[in-house]
Amino acid sequence: PLYEAEKYNSQDSTIYRYLLSMGALRLEAKARLRGGNAARHEQTLPHKLAAEGRMDELNQLLDLEGPKILNAKDSNGWTPLHEAAKHGQVHVARFLIDHGAEVDSASVEGATPLYYAGICQGQDSPIYQFLQAYGALAIGPVSSYKQRNR
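Note that the structure is a prediction, hence the values are computed from the model and not measured.

A. Structural context of the packing of aromatic side chains. What the rule picks out here adds up to 3 aromatic pairs. The interplanar angle of 40° and the centroid separation of 4.4 Å between the aromatic rings of W78 and Y116 together place this pair among those described as tilted. Taken together, the residues span a long stretch of sequence, with W78 in the loop between α5 (55–65) and α6 (80–86) and Y116 in helix α8 (residues 113–121) at a distance of 38 residues. There is no split in this pair, since W78 and Y116 are both buried. Between the aromatic rings of F130 and Y134, the centroid separation amounts to 4.9 Å while the plane-to-plane angle is 55°, which identifies the pairing as tilted. Overall, Y134 belongs to the partly exposed group, its relative accessible area being 38%.

So this is what it looks like as structure tokens:
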């Protein structure tokens with residue numbers, strides 16, 4: 001229901017806000033979990049919400065699933081903070097870090113959220129400055145040569 005309301009209206013619509021206030025995310029998340037896609041759901045929904053800056057839903061998901069979502073890794077080893085950094089979502093990054101997300105979590109390639117913030121948003125961007133103020137390190141991907149010769 002929430003997806004349809006967003007698809008045909010917007011996140012600012014009355015129906016969307018009503019469904020959200022009634023726990024629509026929780027109902028959809030529970031349905032996905034019952035359907036046997038628990039691992040996929042836990043790895044992808046927090047990333048999508050972080051990338052899109054959808055704080056209300058991210059907060060609901062944290063209430064529902066607990067703090068494990070803060071550092072959940074997708075198939076590339078990205079956490080929701082990587083997505084927030086890539087997409088310039090300062091408010092999401094602040095939320096994630098304040099609730100316990102690891103600032104320097106490395107992807108499968110070895111890159112940190114600050115690295116992606118710099119590449120995607122620029123070193124002068126608010127997200128880069130924000131993460132840097134938290135002491136984050138800009139570590140880029142490890143070359144495949146280095147990975148093969150360890």
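Text resumes after the structure shown.
B. Main features of the environment of H82. Mapped onto the fold, H82 is located in helix α6. For H82, a relative accessible area of 0% gives the class buried. Residues H82 and A111, spaced 29 residues apart in sequence, show a C-alpha to C-alpha distance of 9.1 Å. Once residues within four sequence positions are removed from consideration, H82 is found in contact with G77, S105, A106, S107, A111, T112, P113 and Y116. Engagement of the side chain of H82 in a polar contact is seen with the backbone oxygen of S105, the distance being 3.2 Å.

Scoring rules and cut-offs
Residues numbered from 1 in each chain as written. Predicted model: local features only at pLDDT ≥ 70, side-chain atom pairs only at ≥ 80, totals over all residues. Heavy atoms only, no water. Phe/Tyr/Trp six-rings, centres within 6.5 Å; stacked < 30°, edge-to-face > 60°. Helix = DSSP H or I, 4+ residues; strand = E, 2+ residues; numbered from the N terminus. Buried < 20%, exposed > 50% of the residue type's maximum accessible area, 1.4 Å probe, protein only. Contact = heavy atoms within 4.5 Å. Polar contact = N/O pair within 3.5 Å; in protein donor to acceptor, adjacent residues only side chain to side chain.

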